[in-house]
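Listed below are the residues making up each chain.
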Amino acid sequence: MEQFTGRVWVLGDDIDTDIIIPTEYLAMKTIDDMKQYAFSPLRPELAGQIQPGDIIVAGKNFGCGSSREQAPEVVKALGIRCVIAGSFARIFFRNAINNGLLLIEQPELSGDVTEGDTITVAVNQDVDYKGKKYPIAALPDNLVEIIEAGGLVKAMRRRNGLD
């Protein structure tokens, strides 16, 4: 995978799926219809301020709560390049990978980074913030393949010669 730079949005600990996309918006027809309501219980203005390529940096337990595939889909639809958090809820992690959203576990960054600043991510190596390198674990090849393809279905179609 590659290296990229993005503007940071900082969120705290325990950002659950009801904060990412509240239940009352799940009945909307498309993810595009839903995305304007992302994070609305916490910061109603946030979805409208996020730009393609931005990065969310959060504390521990990001994506906890109910298992809803729309949560990572909405984050990806907003144009978020990746989410870096101290830890992720297990089901959210898998749903995000299956939808092609890059998640990076890094427990120290959220306490140091300032919203609006930029960071550079060298995937499977480190995150650079103001010259300080924060190490990150390498993702297994099969997960990298899924993310690079844009999700599990796309990866399997590519692998099986259907695309």
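Everything numeric here is computed off the predicted structure, so don't read it as measured data.

A word on the overall build of the chain
A tally of helices and strands in the chain yields 8 helices and 7 strands. Its C-alpha radius of gyration of 15 Å places the chain within 12% of the 15 Å reference for a compact globule of 163 residues. Principal axes of the C-alpha set define a box for the chain whose edges measure 45 × 40 × 25 Å. Per-residue burial over the chain gives 45% buried out of 163 residues. Sequence separation of 24 or more characterises 68% of the internal contacts of the chain that already satisfy a separation of 6 or more. Surface accessibility of the chain: about 7900 Å² in total, with carbon and sulfur atoms responsible for 48%. Charge centroids of the chain, computed over 17 positive and 23 negative side chains, lie 4 Å from each other.

Description of the packing of aromatic side chains
Taken as a whole, this structure holds 4 aromatic pairs when the rule is applied. Ring geometry for Tyr25 against Tyr37: centres 3.9 Å apart, planes inclined by 5 degrees, an arrangement best described as stacked. A residue pair is termed long-range when its members are at least 10 positions apart, and Tyr25 in the loop between helix H1 (17–20) and helix H2 (31–34) and Tyr37 in the loop between H2 and helix H3 (46–49) qualify at 12 residues. On the numbers, 6.2 Å between centres and 55 degrees between planes, the contact of Phe88 with Phe93 is tilted.

Conventions we followed
Residues numbered from 1 in each chain as written. Predicted model: local features only at pLDDT ≥ 70, side-chain atom pairs only at ≥ 80, totals over all residues. Heavy atoms only, no water. Helix = DSSP H or I, 4+ residues; strand = E, 2+ residues; numbered from the N terminus. Rg over C-alpha atoms; globule rule 2.2 N^0.38 Å. Buried < 20%, exposed > 50% of the residue type's maximum accessible area, 1.4 Å probe, protein only. Contact = heavy atoms within 4.5 Å. Areas by Shrake-Rupley, 256 points an atom, 1.4 Å probe, with all protein chains shown as cover. Lys, Arg positive; Asp, Glu negative; His and termini not counted. Charge placed at Lys NZ, Arg CZ, Asp CG, Glu CD. Phe/Tyr/Trp six-rings, centres within 6.5 Å; stacked < 30°, edge-to-face > 60°.

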